[in-house]
Amino acid sequence: MNSDAELLRSLNDLPKLISIICPMKNEAANLTAFLDRLIPVLQSVAVSYEIICINDGSDDDTLSKLLKLQVTYPQLRIVDFSRNFGKEAALTCGLDLARGDIVIPMDADLQHPPETISEMVLLWREGYEVVLAKRQHRSNESWLRRKTANSFYRLHNQISEIHIPADVGDFRLMDRKVVEALKRLPERRRFMKGLFAWAGFRQTTISFACEDRHAGRSNFTGWRLWNLALEGITSFSTLPLRIWIYIGAVISLSAFTYAVYLVVRTLIYGPDVPGYASLITALLFLGGVQLTGLGVLGEYIGRIYGEVKQRPVYIIRDLHEAENES
Ligand code: UDP
Ligand code: MG
């Protein structure tokens, strides 16, 4: 056991209950290794613990493996979604169900080292309500993914009123107060990193070495990441909408100046038939600008549409809890 855990044990008022939220999509191959590393840490940092495993529409035997493991570990609370709702929905569900004084979302693929939890709990005991875990480096990711992640954080933070810290994912410790605040946020389309940052509270950051995935492949490919980035930006910024006022103003002003120039020139030199090139260029350019503007409007209207439908963020098929636990 590492020294943080020993130090925690020596302080006698441990947190009563710690909740781990673990979204899982096709993680069967990781489950045993994950629990083998996680459980000793949890036993050393809290009086009791619960691990909320959300089976987010896996196609493999994640659910049956979880149910088998629950016999040995009654602390597992297994949620089975009716289909794949995505990681953000799974995290939301975990927050709704968690009962702990401390709640920690983490991935099931061992990319988030469970040993970091001892350090987080120590900081919580010092009075921090949120302890963020920041990746030390992203060298185990491809060049493209690193670059796009960097640009995303930079762009997002420049144009949004809420700043999300770079390289901090969903792995973080939250006090009960923070969880209660997050549960009050009603939006259906949820960009959790942004919502976490929006809630505020007393925060500190620690760093951790992000390991390689224990088994299996990442669920987040280029297209899904692109959508997540769009979601992030349109959730917390209206700049993409407002910018059209300025683009429109600049184009209209240029068009007006050009018109004045044309009138003056016609008055001086007489009418001029050629001009096809400038005409078609202006036409295409303006057409493009209008379509992009419409696309941006569409994105936001789509979001409004999504919110007014008031559909639940997720649907649970079954909640499996050990009898003595519930
Ligand atoms: N995950 C999920 N639903 C999804 C996609 C992913 O619950 O639709 C879970 C996945 O099982 C893992 C975590 O979210 O525990 C992070 O996913 P992954 O490791 O695939 O992404 P990466 O670490 O590459 O960002
Ligand atoms: Mg992963």
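In what follows, the structure referred to is the one given above.
Residues numbered from 1 in each chain as written. Chains lettered and ligands numbered in written order. Predicted model: local features only at pLDDT ≥ 70, side-chain atom pairs only at ≥ 80, totals over all residues. Heavy atoms only, no water.

Visitor: Looking at this structure, how should I read the site of ligand 1?
Guide: Taken together, 18 residues form the shell around ligand 1, and within it Glu27, Asp56, Asp109, Ser218 and Asn219 come nearest. Take proline 23: an N or O atom from its main chain is 2.8 Å from an oxygen atom of ligand 1. For ligand 1, an oxygen atom lies 2.5 Å from a polar atom in the side chain of serine 218. Its residues assigned to classes, the shell around ligand 1 shows four nonpolar, five polar and nine charged. (Near = heavy atom within 4 Å. Polar contact = N/O pair within 3.5 Å; in protein donor to acceptor, adjacent residues only side chain to side chain. Nonpolar A, V, L, I, M, F, W, Y, C, P; charged D, E, K, R; others polar.)

Visitor: I tried to follow the side chain of aspartate 175 on my own but got confused; where do I start?
Guide: Here aspartate 175 lies in strand E6 (residues 168-175). Of note is the side chain of aspartate 175, whose polar atom sits 2.8 Å from the side chain of tryptophan 124. Beyond its immediate sequence surroundings of up to four residues, aspartate 175 is in contact with Asp101, Trp124 and Glu129. (Helix = DSSP H or I, 4+ residues; strand = E, 2+ residues; numbered from the N terminus. Contact = heavy atoms within 4.5 Å.)

Visitor: I tried to follow the coordination of the magnesium ion (ligand 2) on my own but got confused; where do I start?
Guide: Put simply, the ideal angle at a metal is 109.5 degrees for four donors in tetrahedral geometry and 90 or 180 degrees for six donors in octahedral geometry. Bound to the magnesium ion (ligand 2) on the protein side are Asp109 (OD) and Gln111 (OE1), at distances that span 1.9 to 2.0 Å. A relative accessible area of 2% means that aspartate 109 is categorised as buried. (Donors = N, O, S within 2.8 Å, 3.2 Å for Na, K, Ca; no water. Buried < 20%, exposed > 50% of the residue type's maximum accessible area, 1.4 Å probe, protein only.)

Visitor: I tried to follow the packing of aromatic side chains on my own but got confused; where do I start?
Guide: Ring pairs (aromatic) are described by centroid distance and by the angle formed between their planes. Taken as a whole, this structure holds five aromatic pairs when the rule is applied. On the basis of an interplanar angle of 10 degrees and a centroid distance of 5.4 Å, the ring pair of phenylalanine 81 and tyrosine 314 is categorised as stacked. Of the two residues, phenylalanine 81 sits in strand E3 (residues 76-81) while tyrosine 314 sits in the loop between helix H11 (276-308) and strand E8 (316-321), which places them 233 residues apart along the sequence. This pair shows no difference in class: phenylalanine 81 is buried, exactly as tyrosine 314 is. In this arrangement the basic side chain of arginine 83 is found over the ring face of phenylalanine 85, its NZ or CZ atom lying 3.9 Å from the centre. (Phe/Tyr/Trp six-rings, centres within 6.5 Å; stacked < 30°, edge-to-face > 60°. Lys NZ or Arg CZ within 6 Å of the ring centre and 35° of its normal.)

Visitor: Hey, could you run me through the packing of helix H6 (residues 143-159) against helix H9 (residues 222-236) in this one?
Guide: Relative placement of two packed helices is described by the angle separating their axes and the distance separating the axes. Axis separation between H6 and H9 bottoms out at 10 Å; the angle between their running directions is 10 degrees. By the angle class used here, H6 and H9 are roughly parallel. Across the interface between the two elements, Arg145, Phe152, Leu155, His156 and Ile159 from H6 touch Leu225, Ala229, Gly232, Ile233 and Phe236 from H9. Residue classes in the contact of H6 with H9 are distributed as seven nonpolar, two polar and one charged. (Axes fitted to C-alpha atoms, helices over the stretch in contact; angles between N-to-C directions. Parallel < 35°, antiparallel > 145°, perpendicular 65-115°, else oblique.)

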